[in-house]
Amino acid sequence: MAAAKLDTLQNIELAEGVQVLLRPAGPIPRGLALLLDLIFCLLFLLGASFVAGLLSSVLGEEAGSGLSRLLGFLIYWGYFMFYEVLRKGQTPGKKICGLRVVRTSGARVQWGNSFLRNLVRFADMMPVLPFFPIMGFQVFGLASCLSTSRFQRLGDLVADTLVVYDQKDAFDDTGRLRNPVTSVAPPIPLTREEQLAFMQFLERASLWSDARKEEMVAPLAETLGVKGREGVWKALSIGAWVRDS
Amino acid sequence: MKKADFEELNEPQWRELEDTLAALDKRQPTATASNLPKLFRQACGDLALAQHRMYGKRLCDRLNDLVIGAYQRLQLAAVRGGGAFLSLFTTKFPQAVRKEAGLVSLSLALFFVPFLAFILAAYFDPKWIYALLSPEARHQMDQMYGSDQPGDFFRERFGSDFSMFGFYIMNNVSIHFRIFAGGVLLVVGAAWAIGYQGIFLGATFGYVHHTGNLHRLYTFCASHSSFELLGFILGGAAGMRLGMALVAPGRLTRLAAMREAGKRALPILCGSTAMLVVAAMIEAFWSASYMAAEIKYAVGISGWLLFAAYFCFAGRRAHAA
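Since the model is a prediction, treat every value here as computed from it, not as a measurement.

Caption draft 1: Fine view of the overall build of chain B. Along chain B, the regular secondary structure elements total 12 helices and 0 strands. The helix and strand sequence of chain B, counted from the amino end, reads α-α-α-α-α-α-α-α-α-α-α-α. For chain B, whose C-alpha radius of gyration is 28 Å, the value lies well above the compact-globule estimate of 20 Å for 321 residues. If one aligns the C-alpha atoms of chain B with their principal axes, the spans along those axes are about 90 × 45 × 45 Å. Nonlocal contacts in chain B, meaning residues at least 24 apart in sequence, comprise 82% of its contacts between residues at least 6 apart.

Caption draft 2: Spotlight on the overall build of chain A. Of the regular secondary structure elements, chain A holds 10 helices and 4 strands. Along chain A, helices (α) and strands (β) appear in the sequence β-β-α-α-α-β-α-α-α-β-α-α-α-α when read from the amino end. On C-alpha atoms alone, chain A measures out to a radius of gyration of 25 Å, which is more than a quarter above the 18 Å that the 2.2 N^0.38 rule sets for 245 residues. If one aligns the C-alpha atoms of chain A with their principal axes, the spans along those axes are about 85 × 35 × 30 Å.

Caption draft 3: Geometry of the interface of chain A and chain B. Residue-level contacts link 44 residues of chain A with 43 residues of chain B. Contributions of two or more residues to the side of chain A that touches chain B are made by strand S2 (19–22), helix H2 (61–86), helix H4 (111–124), helix H6 (154–159), helix H7 (192–204) and helix H10 (228–244) of chain A. Per-element accounting of the side of chain A that touches chain B gives the leading share, 10 residues, to H2(A).

Caption draft 4: Up close: the domain arrangement of chain A. Considered domain by domain, chain A is made up of domain 1 (2–165) and domain 2 (174–244). Just the C-alpha atoms count here: the centres of domain 1 of chain A and domain 2 of chain A sit 42 Å apart.

Caption draft 5: How the structure looks around the pairing of strand S4 (residues 161–165) of chain A. Residue and element names in this part refer to chain A. With 4 of 5 residues buried, S4 is to be regarded as a mostly interior element. Sheet analysis places strand S3 (residues 99–103) next to S4, joined by 5 bridges and oriented antiparallel. Within the sheet, the bridge partner assigned to arginine 103 lies in S4 and is threonine 161.

Caption draft 6: Molecular detail of the confidence of the model for chain B. All names here are of chain B. On average, residues of chain B score 82 in pLDDT, and 92% of them reach the 70 mark or higher. Taken element by element, chain B is modelled with least confidence in helix H7 (residues 135–145), mean pLDDT 74, and with most confidence in helix H11 (residues 254–285), mean pLDDT 89. Listed scores for the predicted complex are pTM 0.78 and ipTM 0.79.

Caption draft 7: Quick peek at the nonpolar core. Counting 86 residues, the largest nonpolar core has A:Val120, A:Val158, B:Ile194 and B:Ile268 as the members making the most contacts within it. Residue contacts for A:Val120: discarding those within four places in its chain leaves A:Leu154, A:Gly155, A:Val158, B:Ala181 and B:Val184. Grouped together as the second largest cluster of nonpolar side chains are 33 residues, A:Leu21, A:Leu34, A:Ala107 and B:Ile68 included.

Caption draft 8: Summary view of the environment of A:Thr8. All names here are of chain A. Mapped onto the elements of the fold, threonine 8 is located in the segment before strand S1 (10–13). Given 14 C-beta atoms within 10 Å, threonine 8 falls into the partly exposed group. Between the C-alpha atom of threonine 8 and that of serine 149, which follows or precedes it by 141 residues, the distance is 7.5 Å. Excluding anything up to four places from it in sequence, threonine 8 contacts Arg23 and Pro24.

Caption draft 9: Spotlight on the domain arrangement of chain B. Domain boundaries assigned for chain B yield domain 1 (3–74) and domain 2 (82–313). Taken over C-alpha atoms, the centre of domain 1 of chain B sits 52 Å from the centre of domain 2 of chain B.

Caption draft 10: The arrangement of H10(A) in detail. Across its 17 residues, H10(A) extends 25 Å between first and last C-alpha, which sits within 8% of the 24 Å expected from 1.5 Å per residue. On its buried side, H10(A) packs onto H7, helix H8 (210–217) and helix H9 (221–224) of chain A.

Caption draft 11: Structural detail: the packing of helix H9 (residues 188–211) of chain B against helix H10 (residues 214–247) of chain B. All names here are of chain B. Packing of H9 against H10 leaves a shortest axis separation of 9 Å and a crossing angle of 165 degrees. Put simply, H9 runs roughly antiparallel to H10. In terms of crossing hand, the pair formed by H9 and H10 is left-handed. Touching Ala190, Ala191, Ala193, Ile194, Gln197, Val208 and His209 of H9 are Leu214, Leu217, Phe232, Ile233, Gly236, Gly239, Met240 and Gly243, all from H10. Here the contact of H9 with H10 is built from residues that sort into 10 nonpolar, 5 polar and no charged.

So, how was this worked out
Residues numbered from 1 in each chain as written. Chains lettered and ligands numbered in written order. Predicted model: local features only at pLDDT ≥ 70, side-chain atom pairs only at ≥ 80, totals over all residues. Helix = DSSP H or I, 4+ residues; strand = E, 2+ residues; numbered from the N terminus. Rg over C-alpha atoms; globule rule 2.2 N^0.38 Å. Contact = placed C-beta atoms within 7 Å. Domains from an automatic or database assignment. Buried ≥ 20, exposed ≤ 12 C-beta atoms within 10 Å, placed from the backbone. Pairing = 2+ DSSP bridges. pLDDT = per-residue confidence, 0-100. Core = buried A, V, L, I, M, F, W, Y, C linked by C-beta atoms within 7 Å. Expected span 1.5 Å × (residues − 1). Axes fitted to C-alpha atoms, helices over the stretch in contact; angles between N-to-C directions. Parallel < 35°, antiparallel > 145°, perpendicular 65-115°, else oblique. Left-handed = near helix turned anticlockwise from the far one by under 90°. Nonpolar A, V, L, I, M, F, W, Y, C, P; charged D, E, K, R; others polar.

Following this line, the structure appears as structure tokens:
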């Protein structure tokens, strides 16, 4: 598909010989999810120390402090891992942001993957913030994200995972266009890629402004024989022809 | 075939696959679960056809999601129970350690060379210690292992044992995880962390040699020493494996080398984490108990010998994974 060069969609070929598409998420939504997760993690830590404080009145001061340290350790290192494995790749933050961790094959993450990617998280977030070492400047993670085609941080590379969008692409085919599109045969024979381009233009047309659509068909003015708004309608009609034929 | 005909023809199967997946996600029993492989293969075929015949984004997206959902469901790891856990320790962990013999030796050297060097340096010239240990640290050492402290080290109550267990788990295992993670930063992070542990422990031991109650220090440390030090050292080696994938990927691309390194490092990481958890248990519940020094020394020395034998010989007969 020619479009694969323009967008971030990842073609994954399964053993069954079919190609599926995954949509890797970039640093911005992932950063948001991380921020939310850190807040949840802190809330859990607060809750744990509260529970341990209550129990220490029963078990004694020292056993209570031992318990609070154990719980703190488990939450600090285990929060991401337990959610990712037991909730099919979604920590609460990722769920809110509509993200999911999967293996690069598209399959679900397992304990081994999640253990690796969440330990290496510590390297990804280097250098850590002074006085608040639970969070860092994410220099290495960001650099790695931006230099790999699938937005993988170092932990993802090691664990062979990636973070993908969970919901579908925002699109609406012809439903929201103002006028119904009639199908018109193209003036010249089209290659497969060209047919696909016209069809995708039709499918995504309702996402763009009129000016943008006119700009997009401007290079085709000579072939289509019309330009401006007329050109847009002609291109949409050809898309409909490809779709319906 | 027109798109509408294609959809009409296959809709019942897609619907069945969707319902089956939804039911499995909710853990409801379904009669159609055994059809899943068949439905999945059909959906794969339909997706390929829909993509090839350009049936449009909406249909392709729907089939794409169906195929991914069914694939994820079918690819779930079989639940292997205790078997996988056991085989980690009987074969995979020692095999993985032998495979990384070079990095493990490097990690051993990074720890023991500064460790022994600082003990020796402190023996000949105590100034070395004062350069490293702050007055507060020295005061703390005096309190724990000072010459005026009683000969044996022990805690009074179970509560304080448990409190220390929480502390050792939190402190030592976290250090271990950070050492491992540091390795991915071009080896340097893990190498520095291991070396730092060597330097600091060397200075501490050197200081106690110089001023304190050696007997007290050694009876305390003997029992858990092998678990804890080897655990750190192996964690460092596993981390350095990740970094080496970036520095010297060999004949692989760097990305592929990272993936491979993750697979090779994982058994070592799991095994060494278990070693540190055991070390924390020994350190909390046994090392400080009131017991003859000979027993503690014997336990400590046999720990090192058993680990040497374990890493040299365990899992030799089983086929390498």
